[in-house]
There are 2 protein chains.
Amino acid sequence: MSIIVAKFGGTSLATAERIKRVAQRLVDYHQQGNKVVAVVSAMGKSTDDLLRLAKSVNAQPPARELDMLLATGEQVSMSIVAMAVEALGVSAVSMTGGQVGIVTSAKHNRATISEIRADRLFDILDQDKIAIVAGFQGVTVEGDITTLGRGGSDTTAVALAAAIQADICEIYTDVDGVYTADPRVVPRARKIDEISYEEMLEMAASGAGVLQMRSMEFARNYGVIVHCRSAFTNNPGTLVKEATMESAIISGIVHDSSEAKITIRSVPDQVGIAAKVFGAIAQANINIDMIVQNISEHGTTDISFTSPINDLVRLRPVLDKAIEGLGARGYLIDESIAKVSLIGAGMKSNPGVAAKMFSVLADNGVNISMISTSAIRVSVVIDGDQTELATRSLHTAFGLDSDDVFEETQLSSEELQAKMAKGR
Amino acid sequence: MSIIVAKFGGTSLATAERIKRVAQRLVDYHQQGNKVVAVVSAMGKSTDDLLRLAKSVNAQPPARELDMLLATGEQVSMSIVAMAVEALGVSAVSMTGGQVGIVTSAKHNRATISEIRADRLFDILDQDKIAIVAGFQGVTVEGDITTLGRGGSDTTAVALAAAIQADICEIYTDVDGVYTADPRVVPRARKIDEISYEEMLEMAASGAGVLQMRSMEFARNYGVIVHCRSAFTNNPGTLVKEATMESAIISGIVHDSSEAKITIRSVPDQVGIAAKVFGAIAQANINIDMIVQNISEHGTTDISFTSPINDLVRLRPVLDKAIEGLGARGYLIDESIAKVSLIGAGMKSNPGVAAKMFSVLADNGVNISMISTSAIRVSVVIDGDQTELATRSLHTAFGLDSDDVFEETQLSSEELQAKMAKGR
């Protein structure tokens with residue numbers, strides 16, 4: 001007998017048929033003698049619909065009321081999944097974030113979990129019932145409904161798994177697991193069977209979308225074993241857990257085309273200039289990633305960094321103001337870049353990785369414009385048009401290529417799911 | 001300064017435009033110096049959508065989970081209305097039934113209010129904020145979400161008004177108020193300015209759909225003054241309150257075509273037969289209304305009663321079983337009947353009302369097949385085809401006709417609202 005927490009994303013719950021399939025999976029687990037907790041996201045695109053509704057009456061909806069509204073999406077899912085489980089003859093009890101005892105800070109729209117009072121959840125499991133919990137939400141000590149922000153349902157699942165010492169936290173999604181590279185770009189990408197928390201965190205930070213960084217931090221801190229897998233097959237996915245003794249040198253390659261490169265030109269090479277510029281950007285709550293300062297020439301220097309393209313609208317006025325009076329020659333923004341990252345825990349004891357990466361890229365005519373490294377990651381910024389070439393050639397050079405070619409590359413998400421639903 | 005509770009039905013909240021109009025009304029009340037509590041139903045037909053979703057995964061959704069699901073409808077409304085109020089620059093706080101302190105029995109889908117803990121509501125009003133409360137829902141002492149069943153939002157509004165000793169409970173709907181008869185049938189129907197709780201209760205029991213019986217019982221028991229009015233105009237509607245000294249003999253005429261007449265033929269005229277039949281029907285939780293037992297002939301009798309047409313599917317097997325072994329000659333069901341009721345508190349001291357009613361109907365060639373009376377009501381069952389003739393002739397004979405002819409008779413509800421929205 002195990003305690004299983006299983007989280008299902010919106011795509012896995014988008015239709016009545018899919019919900020019934022989720023219910024069947026929970027009932028199967030239950031009949032195998034396990035204690036089962038499901039954590040559910042809002043159905044399909046319903047959160048987007050609610051957001052649109054809010055904007056139709058208030059362009060800037062107050063944070064508290066937005067949480068009240070968005071929390072209904074998961075409440076619908078959880079009650080419908082509970083009904084579907086009951087239709088299969090097994091007792092189920094749905095619970096909101098508040099009812100399951102997830103106490104959070106009062107930071108609406110991006111609350112953090114401060115405590116989980118899981119007494120009622122334990123009672124329900126002891127009564128041999130399946131618990132269905134609304135992801136993404138909690139409640140303040142005053143009883144106000146909060147939401148956890150982006151990736152919140154994953155965080156709910158991992159936090160609950162930690163609180164009830166679950167044997168495993170399954171994250172069901174619309175992909176098979178974590179891959180050595182994006183299969184849409186690298187057809188020979190392999191599914192990774194097992195990966196360490198550290199590597200998964202670096203992959204998430206480098207732009208891999210499968211698992212959210214925040215939930216992975218939670219998993220690492222509490223030692224929760226996470227199984228990322230497809231809701232549309234019974235195939236095993238990727239296990240995220242403590243690193244084993246022998247780690248692969250390179251676990252995966254992640255590319256990210258969502259950032260732009262900003263270069264501030266001819267800044268006087270004086271103490272405190274960087275602090276001034278990046279302090280202003282941080283104050284505006286804009287994320288920046290790689291920062292490179294070129295060697296000084298004639299007493300001036302260029303400072304380059306990357307930032308999400310989505311944040312450029314907010315970044316521009318901040319930059320305009322920050323460089324005023326600095327004597328800089330203005331700034332350039334290049335949106336056509338890509339970041340390619342090699343990630344692997346084995347890198348620590350294999351110092352040649354970065355050098356090999358640069359030489360592979362050079363051999364393929366890929367120019368590197370920025371470099372940044374951590375203990376288990378090397379990232380480079382290149383021309384966006386060369387993303388595919390760079391990722392594929394690195395994938396091959398570091399021995400990651402699968403013998404199978406990923407055929408679904410050309411299928412849409414819907415076609416892929418239909419195919420998988422047919423028992424593949 | 002007054003304390004105002006204002007309840008808005010689904011039609012008044014069906015679109016962003018209408019929600020903004022509701023918000024403006026609340027803000028106007030607030031700016032006039034009143035303390036304002038709004039109670040809201042689910043938007044438009046969203047409750048029906050949720051029910052359909054539930055049925056798509058479970059033909060008989062468990063009651064607890066259905067409440068979890070349906071409660072989201074009002075939660076969406078309340079947060080959207082709060083956002084719309086905030087957009088007008090006034091602070092608003094939305095609250096679920098549980099948050100506003102409505103404690104109910106654990107009878108899911110038709111819970112009854114056992115207590116209202118209004119401390120938080122008082123706090124919010126003292127902070128000069130508008131409170132927006134989800135109608136139709138509450139919470140058990142264990143923290144489970146419940147719903148109050150049909151007409152539940154009206155009940156929430158009246159109960160809250162009682163709990164905070166509001167000066168008035170306004171029920172905004174898509175009609176102008178309570179009429180002396182249904183204006184679609186009687187074009188000379190008049191809007192009633194004021195009516196007693198007792199009369200309103202009899203009207204609701206006789207089939208008038210404007211105000212729910214349950215909320216009116218609550219209003220009478222706690223002396224809550226109710227103002228039933230249109231959400232689409234600023235015209236005064238109908239006040240429901242304690243009877244004044246001088247009551248009109250007849251306040252209104254209500255017709256109801258939603259019932260069928262059932263006649264059990266040639267039942268042996270023995271003690272306990274009626275108890276047996278109606279006991280079985282009551283056990284099946286089927287409503288019955290008028291009961292008439294004809295004079296016994298040759299030791300057998302006919303028993304007739306009325307019951308909602310919607311309940312016939314459930315009634316038939318119960319009747320089949322109940323009359324087994326009674327020696328009855330079977331039963332007849334007539335769905336083409338109508339019930340017409342005269343209601344008026346002044347009737348008590350005017351004994352000739354029933355006689356005049358029967359003679360007016362006779363003069364117009366309307367045959368009466370059943371009669372039932374209370375202290376302030378006379379109801380007759382007639383042929384459904386004669387509903388209009390009967391209602392109009394009684395309306396005229398009892399001096400209820402307005403000088404104005406209700407012109408909107410031919411307009412659809414949408415056209416009517418559009419016309420009213422234009423400032424009529």
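In this text, all values refer to a predicted model and were calculated from it rather than measured experimentally.

Conventions used here
- Residues numbered from 1 in each chain as written.
- Chains lettered and ligands numbered in written order.
- Predicted model: local features only at pLDDT ≥ 70, side-chain atom pairs only at ≥ 80, totals over all residues.
- Pairing = 2+ DSSP bridges.
- Helix = DSSP H or I, 4+ residues; strand = E, 2+ residues; numbered from the N terminus.
- Axes fitted to C-alpha atoms, helices over the stretch in contact; angles between N-to-C directions.
- Contact = placed C-beta atoms within 7 Å.
- Parallel < 35°, antiparallel > 145°, perpendicular 65-115°, else oblique.
- Left-handed = near helix turned anticlockwise from the far one by under 90°.
- Nonpolar A, V, L, I, M, F, W, Y, C, P; charged D, E, K, R; others polar.

Visitor: Describe the sheet that holds strand 14 (residues 259-268) of chain A, with residues and values.
Guide: Residues and elements named next belong to chain A. A sheet is described by the order of its strands in space; here 4 strands give the open sequence 15-16-14-17, paired in antiparallel fashion. Each end of this open sheet is capped by a strand with a single partner; those strands are strand 15 (291-293) and strand 17 (331-334). Looking at each pair of strands side by side, their axes are set apart by 15 degrees on average, direction ignored. Alignment of strand 14 against strand 17, held across 4 bridges, turns out to be antiparallel. Across the sheet, the residue bridging to threonine 263 is leucine 332, located in strand 17. Packed on one face of the sheet, helix 8 (residues 273-283) meets strand 14, strand 15 and strand 16 (300-308) and runs near 145 degrees to strand 14.

Visitor: Before we move on, could you go through the packing of helix 2 (residues 46-57) of chain A against helix 3 (residues 63-87) of chain B and cite the residues and values that matter?
Guide: Two quantities define a packed helix pair, namely the angle between the helix axes and the distance between the axes. Packing of helix 2 of chain A against helix 3 of chain B brings their axes to within 8 Å, and their N-to-C directions diverge by 30 degrees. Considered as vectors, helix 2 of chain A and helix 3 of chain B are oriented roughly parallel to each other. The element helix 2 of chain A and its partner helix 3 of chain B pack so that their crossing is right-handed. On helix 3 of chain B, the residues touching Leu53, Ala54 and Val57 of chain A of helix 2 of chain A are Ile80, Met83, Ala84 and Ala87 of chain B. Its residues assigned to classes, the contact of helix 2 of chain A with helix 3 of chain B comprises 7 nonpolar, no polar and no charged.

Visitor: Talk me through the interface of chain A and chain B; I want residue IDs and the actual numbers.
Guide: On the chain B side, the residues contacting the 26 residues of chain A number 26 residues. Taken together, the elements giving at least two residues each to the side of chain A that touches chain B come down to helix 1 (16-31), helix 2 and helix 3 (63-87) of chain A. Counting residues per element, the side of chain A that touches chain B draws most heavily on helix 3 of chain A, at 13 residues.

Visitor: Break down the environment of serine 77 of chain B for me, with residues and values.
Guide: Residues and elements named next belong to chain B. Among the structural elements, serine 77 can be located in helix 3. Here the alpha-carbon distance between serine 77 and valine 40, two residues 37 residues apart in the chain, equals 6.5 Å. Residues contacting serine 77, with those up to four places away along its chain left out, are Leu13, Val40, Ser41, Ala42 and Met43.

These results come straight from atomic positions and should not be treated as a statement about function.
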